[in-house]
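Breakdown of the fold
Spelled out from the first residue to the last, the chains are:
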Amino acid sequence: ELKVEQNPLFLSMQEGKNYTIYCNYSTTSDRLYWYRQDPGKSLESLFVLLSNGAVKQEGRLMASLDTKARLSTLHITAAVHDLSATYFCAVTTDSNYQLIWGAGTKLIIKP
Amino acid sequence: NAGVMQNPRHLVRRRGQEARLRCSPMKGHSHVYWYRQLPEEGLKFMVYLQKENIIDESGMPKERFSAEFPKEGPSILRIQQVVRGDSAAYFCASSPRAKVGGTEAFFGQGTRLTVV
């Protein structure tokens, strides 16, 4: 059974600091996604990572994928308050349409 | 081009009542997926539908829950005889093909069901 674990589940940090969110998954999966969710809102797709060593960056967020370690990271550089949200990682199953989700990391960035 | 539309946004039901959640996919999308999000948890897959067909309902509870996607109109997730444990956010996603995730799938804003 494919499982996804994120850590930390909660993160409070100061503006300007750097931090990393980790996403581990239990079995082979070749497609990993990062989503952002603001309170009471929908899910916004941030990144899709398809292959080992893939790295994608958008603004202060950078995501990477290590398929051998079954690990993805979401790195936040010089955090700003606007990045406060819950971040989810998700992977696909072999059937290629079910997404298996982590529990989410609630990120609070204090001014 | 409107996004995925879900309604209602908030729904309160008493135990034993029925809840009907609606999802209108994006224009041109014929694949619909329903997910449930319990408080402080990630989303859990419930069901995948194409027009007039249920493709995969492996994530749906066997009793009280049903889903449809008729030829005309929105997809409906129906929960009969709701219980407190059904309280959750229900998200619908749609895609033009049988893939969910990344830029190919779009999520609605969810329906937050509260059972009192």
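Use the structure listed above.
Calculation criteria
- Residues numbered from 1 in each chain as written.
- Chains lettered and ligands numbered in written order.
- Predicted model: local features only at pLDDT ≥ 70, side-chain atom pairs only at ≥ 80, totals over all residues.
- Heavy atoms only, no water.
- Helix = DSSP H or I, 4+ residues; strand = E, 2+ residues; numbered from the N terminus.
- Rg over C-alpha atoms; globule rule 2.2 N^0.38 Å.
- Buried < 20%, exposed > 50% of the residue type's maximum accessible area, 1.4 Å probe, protein only.
- Contact = heavy atoms within 4.5 Å.
- Areas by Shrake-Rupley, 256 points an atom, 1.4 Å probe, with all protein chains shown as cover.
- Lys, Arg positive; Asp, Glu negative; His and termini not counted.
- Charge placed at Lys NZ, Arg CZ, Asp CG, Glu CD.
- Salt bridge = Lys/Arg side-chain N within 4 Å of Asp/Glu carboxyl O.
- Pairing = 2+ DSSP bridges.
- Axes fitted to C-alpha atoms, helices over the stretch in contact; angles between N-to-C directions.

Notes on the overall build of chain B
Of the regular secondary structure elements, chain B holds 0 helices and 11 strands. Scanning chain B from its N terminus toward the C terminus, one meets helices and strands in the order β-β-β-β-β-β-β-β-β-β-β. Computed over the C-alpha atoms, the radius of gyration of chain B is 13 Å, within 12% of the 13 Å expected from 2.2 N^0.38 for a compact globule of 116 residues. Its C-alpha atoms put chain B at 35 × 25 × 25 Å along the principal axes. Within chain B, the fraction of its 116 residues that count as buried is 46%. For chain B, the proportion of contacts with a sequence separation of at least 24, taken over those separated by at least 6, is 54%. Surface summary for chain B: the accessible area is close to 5800 Å², and the carbon and sulfur share equals 47%. Here chain B holds 18 positive side-chain charges and 11 negative ones, and the gap between their average locations is 5 Å.

Things to note about the pattern of salt bridges
Following the criterion strictly, the structure yields 5 salt bridges over all chains and no others. Between R36 of chain A and D38 of chain A there is a salt bridge; the shortest N-O distance is 3.0 Å. The class of R36 of chain A is buried, set by a relative accessible area of 13%. Classification of D38 of chain A by relative accessible area gives partly exposed; the value is 25%. For R20 of chain B, the salt bridge is made with E18 of chain B, and the minimal N-O distance between the two is 2.8 Å. Residue classification places R20 of chain B among the partly exposed positions, given a relative accessible area of 37%. Taking relative accessible area as the criterion, E18 of chain B reaches 29% and is therefore assigned partly exposed.

Structural notes on the sheet that holds strand 7 (residues 65-68) of chain B
Hydrogen bonds between backbone atoms are what pair the strands of a sheet, whose relative direction is either parallel or antiparallel. Residues and elements named next belong to chain B. In space, the 4 strands of this open sheet follow the order 1-3-8-7, with antiparallel pairing throughout. Sheet topology places strand 1 (5-7) and strand 7 at the edges, where each strand pairs with a single neighbour. Each neighbouring strand pair of the sheet contributes to a mean axis angle of 15 degrees, computed without reference to strand direction. Pairing of strand 7 with strand 8 (residues 75-79) involves 4 bridges; the strand directions are antiparallel. Across the sheet, the residue bridging to E68 is I76, located in strand 8.

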